[in-house]
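Inside the fold
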Amino acid sequence: MTNNNILTIKDLHVSIQHKPIINGLNLSVSKGQVHAIMGKNGSGKSTLAKVIAGHPHYKITRGKIILNQEDVTYQDPDIRSHKGIFLAFQYPVEIPGVSNLDFLRSAYNSRQRAYNQKELDPLSFFELINKKLKSIDMDSIFLNRNVNEGFSGGEKKKNEILQMLLLNNKLSILDEIDSGLDVDALKNISKNINYLANQNNAILLITHYQRFLDYIKPDYVHIMSNGHIIYTGDADTAVQIEKYGYDYIQKI
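In this text the structure is predicted, and so the values were computed from the model without any measurement.

What counts, and at which threshold
- Residues numbered from 1 in each chain as written.
- Predicted model: local features only at pLDDT ≥ 70, side-chain atom pairs only at ≥ 80, totals over all residues.
- Heavy atoms only, no water.
- Helix = DSSP H or I, 4+ residues; strand = E, 2+ residues; numbered from the N terminus.
- Contact = heavy atoms within 4.5 Å.
- Pairing = 2+ DSSP bridges.
- Axes fitted to C-alpha atoms, helices over the stretch in contact; angles between N-to-C directions.
- Phe/Tyr/Trp six-rings, centres within 6.5 Å; stacked < 30°, edge-to-face > 60°.
- Buried < 20%, exposed > 50% of the residue type's maximum accessible area, 1.4 Å probe, protein only.
- Polar contact = N/O pair within 3.5 Å; in protein donor to acceptor, adjacent residues only side chain to side chain.
- Salt bridge = Lys/Arg side-chain N within 4 Å of Asp/Glu carboxyl O.
- Lys, Arg positive; Asp, Glu negative; His and termini not counted.

Attention shifts here to the environment of P96. With respect to the secondary-structure elements, P96 resides in strand β7 (residues 95-99). When the C-alpha atoms of P96 and A235 are compared, they prove to be 40 Å apart, with 139 residues separating the residues in sequence. With residues near it in sequence (within four places) discarded, P96 still touches N146 and E149.

Structure (C-alpha coordinates):
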(Lines give C-alpha, C1' and ligand atoms only; values in the text may rest on other atoms or scores of the structure.)
Protein backbone atom coordinates (compact mmCIF):
# COMPACT_ATOMS: atom_id res chain seq x y z
CA MET A 1 0.00 0.00 0.00
CA THR A 2 1.41 3.41 -0.99
CA ASN A 3 2.17 5.82 1.84
CA ASN A 4 0.82 9.24 0.85
CA ASN A 5 2.19 11.02 3.90
CA ILE A 6 4.36 14.03 3.09
CA LEU A 7 4.96 14.81 6.75
CA THR A 8 4.93 12.51 9.76
CA ILE A 9 5.85 13.73 13.23
CA LYS A 10 6.26 11.12 15.94
CA ASP A 11 6.39 11.87 19.69
CA LEU A 12 8.23 15.15 19.14
CA HIS A 13 9.78 16.87 22.18
CA VAL A 14 11.52 20.23 21.72
CA SER A 15 13.15 22.66 24.13
CA ILE A 16 14.90 26.02 23.98
CA GLN A 17 17.44 26.95 26.66
CA HIS A 18 16.38 23.83 28.57
CA LYS A 19 12.73 24.95 28.64
CA PRO A 20 10.32 22.40 27.09
CA ILE A 21 8.12 23.90 24.35
CA ILE A 22 6.83 20.91 22.35
CA ASN A 23 5.74 17.93 24.46
CA GLY A 24 5.02 14.65 22.68
CA LEU A 25 3.44 16.01 19.51
CA ASN A 26 2.18 13.67 16.77
CA LEU A 27 1.00 14.77 13.33
CA SER A 28 0.50 13.23 9.88
CA VAL A 29 -0.07 15.30 6.72
CA SER A 30 -0.79 13.58 3.40
CA LYS A 31 -0.49 14.74 -0.20
CA GLY A 32 -3.31 16.97 -1.36
CA GLN A 33 -4.27 18.04 2.16
CA VAL A 34 -4.53 21.38 3.91
CA HIS A 35 -4.10 21.29 7.69
CA ALA A 36 -4.67 24.22 10.05
CA ILE A 37 -3.11 24.53 13.49
CA MET A 38 -4.77 26.82 16.00
CA GLY A 39 -4.32 27.50 19.69
CA LYS A 40 -3.83 30.19 22.28
CA ASN A 41 -0.66 32.30 22.38
CA GLY A 42 2.22 30.30 23.81
CA SER A 43 0.79 26.93 22.84
CA GLY A 44 3.79 26.12 20.60
CA LYS A 45 2.37 26.72 17.12
CA SER A 46 5.15 28.92 15.73
CA THR A 47 7.79 26.83 17.46
CA LEU A 48 6.47 23.77 15.66
CA ALA A 49 6.70 25.58 12.30
CA LYS A 50 10.31 26.59 12.93
CA VAL A 51 11.31 23.15 14.15
CA ILE A 52 9.89 21.44 11.05
CA ALA A 53 11.93 23.88 8.94
CA GLY A 54 15.07 23.18 10.98
CA HIS A 55 15.58 26.34 13.04
CA PRO A 56 18.91 25.86 14.89
CA HIS A 57 17.86 27.58 18.14
CA TYR A 58 15.51 24.76 19.09
CA LYS A 59 16.74 21.43 20.44
CA ILE A 60 14.88 18.24 19.60
CA THR A 61 15.20 16.00 22.65
CA ARG A 62 13.02 13.15 21.44
CA GLY A 63 10.94 12.05 18.48
CA LYS A 64 11.20 12.17 14.71
CA ILE A 65 10.28 14.37 11.77
CA ILE A 66 9.74 12.33 8.59
CA LEU A 67 9.47 13.98 5.17
CA ASN A 68 8.43 11.70 2.32
CA GLN A 69 9.51 8.62 4.30
CA GLU A 70 12.93 10.14 5.04
CA ASP A 71 14.08 11.07 8.54
CA VAL A 72 15.02 14.77 8.48
CA THR A 73 14.94 15.32 12.25
CA TYR A 74 18.50 16.59 12.50
CA GLN A 75 19.11 17.84 8.97
CA ASP A 76 20.15 21.45 8.31
CA PRO A 77 17.52 23.97 7.14
CA ASP A 78 18.99 24.28 3.63
CA ILE A 79 18.87 20.51 3.14
CA ARG A 80 15.24 20.42 4.25
CA SER A 81 14.45 23.29 1.91
CA HIS A 82 16.01 21.46 -1.02
CA LYS A 83 13.89 18.45 -0.14
CA GLY A 84 10.70 20.47 -0.33
CA ILE A 85 9.98 22.20 3.00
CA PHE A 86 9.09 25.89 2.81
CA LEU A 87 8.35 28.21 5.73
CA ALA A 88 6.55 31.52 5.14
CA PHE A 89 7.24 33.79 8.09
CA GLN A 90 4.73 35.80 10.07
CA TYR A 91 7.11 38.77 9.84
CA PRO A 92 9.24 38.40 6.67
CA VAL A 93 12.62 40.09 7.12
CA GLU A 94 13.89 42.95 5.00
CA ILE A 95 17.24 42.44 3.24
CA PRO A 96 18.69 45.86 2.31
CA GLY A 97 21.00 45.90 -0.69
CA VAL A 98 19.71 42.64 -2.18
CA SER A 99 17.24 42.90 -5.04
CA ASN A 100 14.24 40.63 -5.01
CA LEU A 101 15.19 39.34 -8.46
CA ASP A 102 18.71 38.35 -7.36
CA PHE A 103 17.39 36.76 -4.18
CA LEU A 104 14.81 34.67 -6.01
CA ARG A 105 17.27 33.55 -8.70
CA SER A 106 19.78 32.55 -6.03
CA ALA A 107 17.15 30.49 -4.19
CA TYR A 108 15.96 28.85 -7.41
CA ASN A 109 19.46 27.99 -8.63
CA SER A 110 20.43 26.65 -5.22
CA ARG A 111 17.65 24.10 -5.47
CA GLN A 112 18.59 23.34 -9.09
CA ARG A 113 22.15 22.55 -7.97
CA ALA A 114 20.85 20.32 -5.20
CA TYR A 115 18.99 18.25 -7.81
CA ASN A 116 21.85 18.36 -10.34
CA GLN A 117 19.65 20.30 -12.72
CA LYS A 118 20.49 23.20 -15.00
CA GLU A 119 20.80 26.63 -13.40
CA LEU A 120 19.25 29.61 -15.14
CA ASP A 121 21.14 32.65 -16.37
CA PRO A 122 19.65 36.08 -15.51
CA LEU A 123 17.73 36.44 -18.78
CA SER A 124 16.21 32.94 -18.67
CA PHE A 125 15.27 33.38 -15.03
CA PHE A 126 13.66 36.76 -15.75
CA GLU A 127 11.41 35.07 -18.32
CA LEU A 128 10.49 32.33 -15.83
CA ILE A 129 9.75 34.64 -12.91
CA ASN A 130 7.61 36.94 -15.04
CA LYS A 131 5.35 33.99 -15.90
CA LYS A 132 5.06 33.22 -12.19
CA LEU A 133 4.26 36.86 -11.42
CA LYS A 134 1.43 36.93 -13.94
CA SER A 135 -0.11 33.78 -12.51
CA ILE A 136 -0.57 35.44 -9.10
CA ASP A 137 -1.27 38.95 -10.47
CA MET A 138 1.87 40.51 -8.97
CA ASP A 139 3.53 43.60 -10.48
CA SER A 140 7.02 43.01 -11.90
CA ILE A 141 8.18 46.25 -10.26
CA PHE A 142 8.72 44.20 -7.08
CA LEU A 143 11.59 42.36 -8.72
CA ASN A 144 13.77 45.48 -8.75
CA ARG A 145 13.11 46.45 -5.15
CA ASN A 146 15.23 45.16 -2.29
CA VAL A 147 13.83 42.09 -0.56
CA ASN A 148 10.78 43.20 1.44
CA GLU A 149 12.27 46.67 1.97
CA GLY A 150 9.48 49.23 2.13
CA PHE A 151 6.88 46.55 1.32
CA SER A 152 3.47 46.76 2.93
CA GLY A 153 2.31 43.82 5.03
CA GLY A 154 0.29 42.46 2.11
CA GLU A 155 3.19 42.89 -0.32
CA LYS A 156 5.54 41.00 2.01
CA LYS A 157 3.11 38.12 2.29
CA LYS A 158 2.55 38.09 -1.46
CA ASN A 159 6.32 37.90 -1.91
CA GLU A 160 6.30 34.77 0.26
CA ILE A 161 3.63 33.27 -1.99
CA LEU A 162 5.79 34.05 -5.03
CA GLN A 163 8.64 32.09 -3.43
CA MET A 164 6.27 29.17 -2.84
CA LEU A 165 5.23 29.20 -6.47
CA LEU A 166 8.80 29.45 -7.76
CA LEU A 167 10.25 26.67 -5.61
CA ASN A 168 7.38 24.20 -6.10
CA ASN A 169 7.52 22.95 -2.51
CA LYS A 170 6.22 19.63 -1.23
CA LEU A 171 5.25 21.02 2.18
CA SER A 172 4.48 24.72 2.67
CA ILE A 173 4.19 25.94 6.26
CA LEU A 174 2.47 29.32 6.52
CA ASP A 175 3.04 30.83 9.96
CA GLU A 176 0.23 33.34 10.53
CA ILE A 177 0.57 34.63 6.98
CA ASP A 178 -2.83 36.28 7.52
CA SER A 179 -1.48 38.44 10.35
CA GLY A 180 -1.90 42.17 9.77
CA LEU A 181 -3.73 41.87 6.45
CA ASP A 182 -6.82 43.85 5.54
CA VAL A 183 -9.78 42.03 4.01
CA ASP A 184 -8.77 42.63 0.39
CA ALA A 185 -5.18 41.48 0.97
CA LEU A 186 -6.45 38.44 2.87
CA LYS A 187 -8.71 37.45 -0.03
CA ASN A 188 -5.87 37.91 -2.52
CA ILE A 189 -3.37 35.86 -0.51
CA SER A 190 -5.97 33.14 0.07
CA LYS A 191 -6.78 32.96 -3.64
CA ASN A 192 -3.10 32.43 -4.44
CA ILE A 193 -2.68 29.77 -1.77
CA ASN A 194 -5.67 27.89 -3.17
CA TYR A 195 -4.12 28.22 -6.63
CA LEU A 196 -0.89 26.60 -5.39
CA ALA A 197 -2.54 23.70 -3.55
CA ASN A 198 -2.60 20.45 -5.51
CA GLN A 199 -2.56 16.67 -5.11
CA ASN A 200 1.24 16.51 -5.02
CA ASN A 201 1.85 18.91 -2.16
CA ALA A 202 0.49 19.78 1.27
CA ILE A 203 -0.08 23.00 3.18
CA LEU A 204 0.16 23.57 6.92
CA LEU A 205 -1.54 26.79 8.06
CA ILE A 206 -0.89 28.30 11.46
CA THR A 207 -3.50 30.88 12.33
CA HIS A 208 -5.45 32.53 15.12
CA TYR A 209 -8.38 33.53 12.98
CA GLN A 210 -11.31 31.58 11.63
CA ARG A 211 -11.88 34.25 8.96
CA PHE A 212 -8.73 33.04 7.14
CA LEU A 213 -10.24 29.58 6.98
CA ASP A 214 -13.35 31.01 5.33
CA TYR A 215 -11.20 31.42 2.22
CA ILE A 216 -8.97 28.34 2.54
CA LYS A 217 -11.00 25.36 3.67
CA PRO A 218 -8.77 22.96 5.64
CA ASP A 219 -9.21 19.20 5.64
CA TYR A 220 -8.26 19.12 9.31
CA VAL A 221 -8.01 21.63 12.14
CA HIS A 222 -5.66 20.78 15.01
CA ILE A 223 -5.81 22.56 18.35
CA MET A 224 -2.55 22.93 20.25
CA SER A 225 -2.11 23.50 23.96
CA ASN A 226 1.01 23.18 26.11
CA GLY A 227 3.09 21.94 23.23
CA HIS A 228 0.94 19.14 21.89
CA ILE A 229 -2.22 18.61 19.86
CA ILE A 230 -5.21 18.16 22.14
CA TYR A 231 -7.93 17.90 19.50
CA THR A 232 -8.30 17.31 15.77
CA GLY A 233 -11.48 18.08 13.85
CA ASP A 234 -12.73 19.32 10.50
CA ALA A 235 -13.15 22.88 9.23
CA ASP A 236 -16.21 23.40 11.47
CA THR A 237 -13.90 23.26 14.51
CA ALA A 238 -12.58 26.73 13.67
CA VAL A 239 -16.14 28.07 13.36
CA GLN A 240 -17.03 26.77 16.81
CA ILE A 241 -13.89 28.26 18.35
CA GLU A 242 -14.75 31.62 16.80
CA LYS A 243 -18.17 31.43 18.50
CA TYR A 244 -17.27 29.93 21.86
CA GLY A 245 -13.50 30.31 22.30
CA TYR A 246 -11.05 27.52 23.09
CA ASP A 247 -13.19 26.46 26.05
CA TYR A 248 -15.32 24.77 23.37
CA ILE A 249 -12.62 22.09 23.04
CA GLN A 250 -12.79 21.27 26.73
CA LYS A 251 -16.52 20.54 26.42
CA ILE A 252 -16.24 18.04 23.56
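Ordered in space as β6-β9-β10-β3-β11-β12, the six strands form an open sheet in which the pairing is mixed. In the strand order of this sheet, the two ends are held by β6 (85-88) and β12 (228-233), each with one partner. Taking the axes of each pair of neighbouring strands and ignoring which way they run, one obtains an average angle of 20° across the sheet. In terms of strand pairing, strand β9 (residues 171-175) meets strand β10 (residues 202-206) through five bridges, oriented parallel. In the sheet register, L174 faces β10, and the bridge partner there is L205. Contacts between helix α5 (residues 153-167) and the sheet are confined to β6 and β9, with β6 contributing the most and set at about 170° to the helix.

In this section: the packing of aromatic side chains. On inspection of all chains with the given rule, the structure shows two aromatic pairs. Judged by centre distance (5.8 Å) and plane angle (50°), the rings of Y108 and F125 are tilted. Here the residue Y108 occupies a position in helix α3 (residues 100-114), and F125 occupies one in helix α4 (residues 122-135), the gap between them amounting to 17 residues. Note on Y108: relative accessible area 15%, which makes it buried. F125 gets classed as buried once you look at its relative accessible area, which sits at 0%. Each ring, one from F142 and one from F151, has its centre 5.3 Å from the other, and the planes form 65°; the classification is edge-to-face. Given the relative accessible area of 10%, F142 is considered buried.

The subject of this paragraph is the side chain of H13. Here H13 shows up in strand β1 (residues 5-16). The exposure class assigned to H13 is buried, which follows from its relative accessible area of 17%. Among the polar contacts listed, one links the side chain of H13 to the backbone nitrogen of G24, at a separation of 3.3 Å. Excluding residues within four positions of it along the chain, H13 makes contact with I22, N23, G24, K59, I60, T61 and R62.

Further remarks concern the pattern of salt bridges. Summed over all chains, the structure comprises five salt bridges. For R62, the salt bridge identified is with D11, shortest N-O distance 3.0 Å. Separated by 51 residues along the polypeptide, R62 in strand β4 (residues 59-67) and D11 in strand β1 bring together distant segments of the chain. Overall, the relative accessible area of 47% leaves R62 in the partly exposed class. In this structure, K83 and E70 form a salt bridge, with 2.4 Å as the shortest nitrogen-oxygen distance. Linking K83 in the loop between α2 (77-82) and β6 with E70 in strand β5 (residues 70-71), this pair joins segments that are 13 residues apart in sequence. Classification of K83 as partly exposed rests on a relative accessible area of 25%. Judged by relative accessible area, which is 33%, E70 ranks as partly exposed.

Here the focus is the side chain of D175. Mapped onto the elements of the fold, D175 is located in strand β9. With no salt bridge to any partner, buried D175 finds its closest opposite charge in K50, at an N-O distance of 5.6 Å. Separated by 3.0 Å, the side chains of D175 and S46 make a polar contact. Filtering out sequence-adjacent residues up to four positions away, D175 remains in contact with S46, A49, L87, A88, F89, Q90 and I206.

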